[in-house]
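# Structural characterization, general
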Amino acid sequence: MLFKSDPQRMRKIGNRQLMQLIYATKDSWNQARETEQAVYEGHVDSELTDRTKLQECKYMYLYQWARKRKAHGHLNDGVIQH
């Protein structure tokens, strides 16, 4: 009994780690978008566009996975609360 794992506890830990990964990926995606926008519009490198799209795809995949697991995170600081 000492080393028996608790499925609910393990799921909560997994959900917490998934949400942390989602937040990190979202920050990375935002940074990639800002970098792409900071580069002069006429000279946007296709590599920057590809990196931005890759970060977006990673975020959307993780987001869908979290929805399937019904994982919940905290409110974003940028969200205005009434």
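To start, this report covers the structure provided alongside it. All values reported here derive from a predicted model rather than from experimental measurement.

Rules and cut-offs
Residues numbered from 1 in each chain as written. Predicted model: local features only at pLDDT ≥ 70, side-chain atom pairs only at ≥ 80, totals over all residues. Heavy atoms only, no water. Helix = DSSP H or I, 4+ residues; strand = E, 2+ residues; numbered from the N terminus. Buried < 20%, exposed > 50% of the residue type's maximum accessible area, 1.4 Å probe, protein only. Contact = heavy atoms within 4.5 Å. Areas by Shrake-Rupley, 256 points an atom, 1.4 Å probe, with all protein chains shown as cover. Axes fitted to C-alpha atoms, helices over the stretch in contact; angles between N-to-C directions. Parallel < 35°, antiparallel > 145°, perpendicular 65-115°, else oblique. Left-handed = near helix turned anticlockwise from the far one by under 90°. Nonpolar A, V, L, I, M, F, W, Y, C, P; charged D, E, K, R; others polar. Expected span 1.5 Å × (residues − 1). Salt bridge = Lys/Arg side-chain N within 4 Å of Asp/Glu carboxyl O. Phe/Tyr/Trp six-rings, centres within 6.5 Å; stacked < 30°, edge-to-face > 60°. Lys NZ or Arg CZ within 6 Å of the ring centre and 35° of its normal.

The next subject is the overall build of the chain. Of the regular secondary structure elements, the chain holds two helices and zero strands. Considering the chain as a whole, with its 82 residues, one finds that 18% of them fall into the buried category. Contacts in the chain between residues far apart in sequence, at least 24 positions, make up 70% of those at least 6 positions apart. For the chain, the accessible surface area stands at approximately 7300 Å², while carbon and sulfur atoms represent 54% of it.

Our focus in this paragraph is the packing of helix 1 (residues 7-38) against helix 2 (residues 46-69). The interhelical angle for the contact between helix 1 and helix 2, taken along N-to-C directions, is 155°, at an axis separation of 9 Å. One finds that helix 1 runs roughly antiparallel with respect to helix 2. In the crossing of helix 1 with helix 2, the sense of the turn from one axis to the other is left-handed. Classifying every residue of the contact of helix 1 with helix 2 gives twelve nonpolar, eight polar and seven charged.

Relative to the 46 Å expected for 32 residues at 1.5 Å per residue, helix 1 spans 46 Å between its end C-alpha atoms, a close match to the ideal helical length. For helix 1, the set of buried residues is N15, L18, M19, I22, T25, W29, A32 and E36. In this structure, the buried side of helix 1 is in contact with helix 2.

Side chains that differ in charge, positive against negative, can pair when their charged atoms come close. Counted according to the given criterion, the structure contains two salt bridges. Measuring nitrogen to oxygen at the nearest pair gives 2.7 Å for the salt bridge that ties E47 to R51. Taken together, the residues span about one helical turn, with E47 and R51 both in helix 2 at a distance of four residues. The partly exposed category is assigned to E47, whose relative accessible area is 41%.

This next bit is on the packing of aromatic side chains. With the rule as written, the count across this model stands at two aromatic pairs. An aromatic cluster is defined as three or more aromatic residues linked by ring pairs; in this entry it consists of W29, Y59 and Y63. Stacked on the ring of Y59, the Lys or Arg K26 has its end atom at 5.1 Å from the ring centre. Lying across the ring of W29, R33 places its NZ or CZ 4.6 Å from the centre.

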